[in-house]
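# Report on the structure
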Amino acid sequence: MQLLVIILALAVLAVLVILAIAATKPATFSISRTTDIDAAPDTIFPLINDFHNWRDWSPWEALDPDLKRKMSGAESGQGAVYEWDGNKKVGSGRMEIIEVTAPNKVVIKLDFLTPFEAHNVARFTMEPKGGETRLNWEMTGPSPFMSKVMQVFMNFDKMVGKDFEKGLASLKAIAERKRLSGS
């Protein structure tokens, strides 16, 4: 009986330590990745500003061959909406372009519905640098307490960051091909 009490006390202590660590996590998060692309912002911008082009480069598009997509609102740019519903790897949610500064910035309101609810903002910024463009992809949002608890065990920056890196590499390849072909 005494051993059971000790085990229970250690379990409670472990939970309290995890909750205390979670409480120290920031109230918001930011994940950002950058790449340099040998193409002008005018070449890159339409790949991001038009959700119809995301199938070509988004790292999540290939994770569910049966992904259901719905486009609505504007054809592209501010007011364009992309909704998706897929397997547990991609979940379901909605994106809406809420701000555009052509050809340098696209801001997207990003609402995840499943596997868990989250409301974030994604920003794509394109800065000309000589003959290249520096493309930055950033996602920011609140970190509710359950998210902070999950962060005790997993590194969201590394998890999501690798997807950003994959998407940026695809955008780079497509934009540089377009620049070379002149299309």
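Below: a short report on this structure. On a predicted model such as this, the values are computed, not experimentally measured, just so you know. (Residues numbered from 1 in each chain as written. Predicted model: local features only at pLDDT ≥ 70, side-chain atom pairs only at ≥ 80, totals over all residues. Heavy atoms only, no water.)

Moving on, we come to the side chain of threonine 140. One can find threonine 140 in strand E7 (residues 132-142). Owing to a relative accessible area of 18%, threonine 140 belongs among the buried residues under this scheme. Non-local contacts of threonine 140, meaning those with residues more than four positions away in its chain, are made with Phe29, Ser30, Asn120, Val121 and Arg123. (Helix = DSSP H or I, 4+ residues; strand = E, 2+ residues; numbered from the N terminus. Buried < 20%, exposed > 50% of the residue type's maximum accessible area, 1.4 Å probe, protein only. Contact = heavy atoms within 4.5 Å.)

Turning our eyes to something else, we now look at the pattern of salt bridges. Counted under the stated rule, the structure contains 11 salt bridges. For arginine 94, the salt bridge goes to glutamate 96, with nearest N and O atoms at 3.2 Å. The class of arginine 94 is partly exposed, set by a relative accessible area of 27%. Under the relative-accessibility criterion, glutamate 96 is labelled partly exposed at 23%. Salt bridges sharing common partners tie together Arg33, Asp157 and Glu165. (Salt bridge = Lys/Arg side-chain N within 4 Å of Asp/Glu carboxyl O.)

The next subject is a nonpolar patch on the surface. Among the surface-exposed residues, Leu8, Val12, Val15, Leu16, Leu19 and Phe145 lie close enough to one another that they form a single nonpolar patch of about 530 Å² accessible area. Top contributing element to the nonpolar patch by residue count: helix H1 (residues 2-23), with five residues. Assignment of secondary structure puts leucine 16 in helix H1. (Patch = residues over 30% accessible without salt bridge, like charges linked within 9 Å, V, L, I, M, F, W, Y side chains within 5 Å. Areas by Shrake-Rupley, 256 points an atom, 1.4 Å probe, with all protein chains shown as cover.)

Sheet architecture is open: seven strands sit in the order E1-E7-E6-E5-E4-E3-E2, paired in antiparallel fashion. Two strands bound the open sheet, and with one partner strand each, they are strand E1 (28-37) and strand E2 (68-73). For this sheet, the mean angle separating the axes of adjacent strands, direction not counted, is 20°. Across nine bridges, the pairing between strand E4 (residues 92-101) and strand E5 (residues 105-114) is antiparallel. Opposite glutamate 96, over in E5, you have lysine 109 as the bridge partner. With respect to the sheet, helix H2 (residues 41-49) is in contact with E1, E4, E5, strand E6 (118-129) and E7, its orientation differing from that of E6 by roughly 165°. Strands E1 and E7 of the sheet are contacted by helix H4 (residues 156-181), whose axis makes an angle of about 25° with E1. (Pairing = 2+ DSSP bridges. Axes fitted to C-alpha atoms, helices over the stretch in contact; angles between N-to-C directions.)

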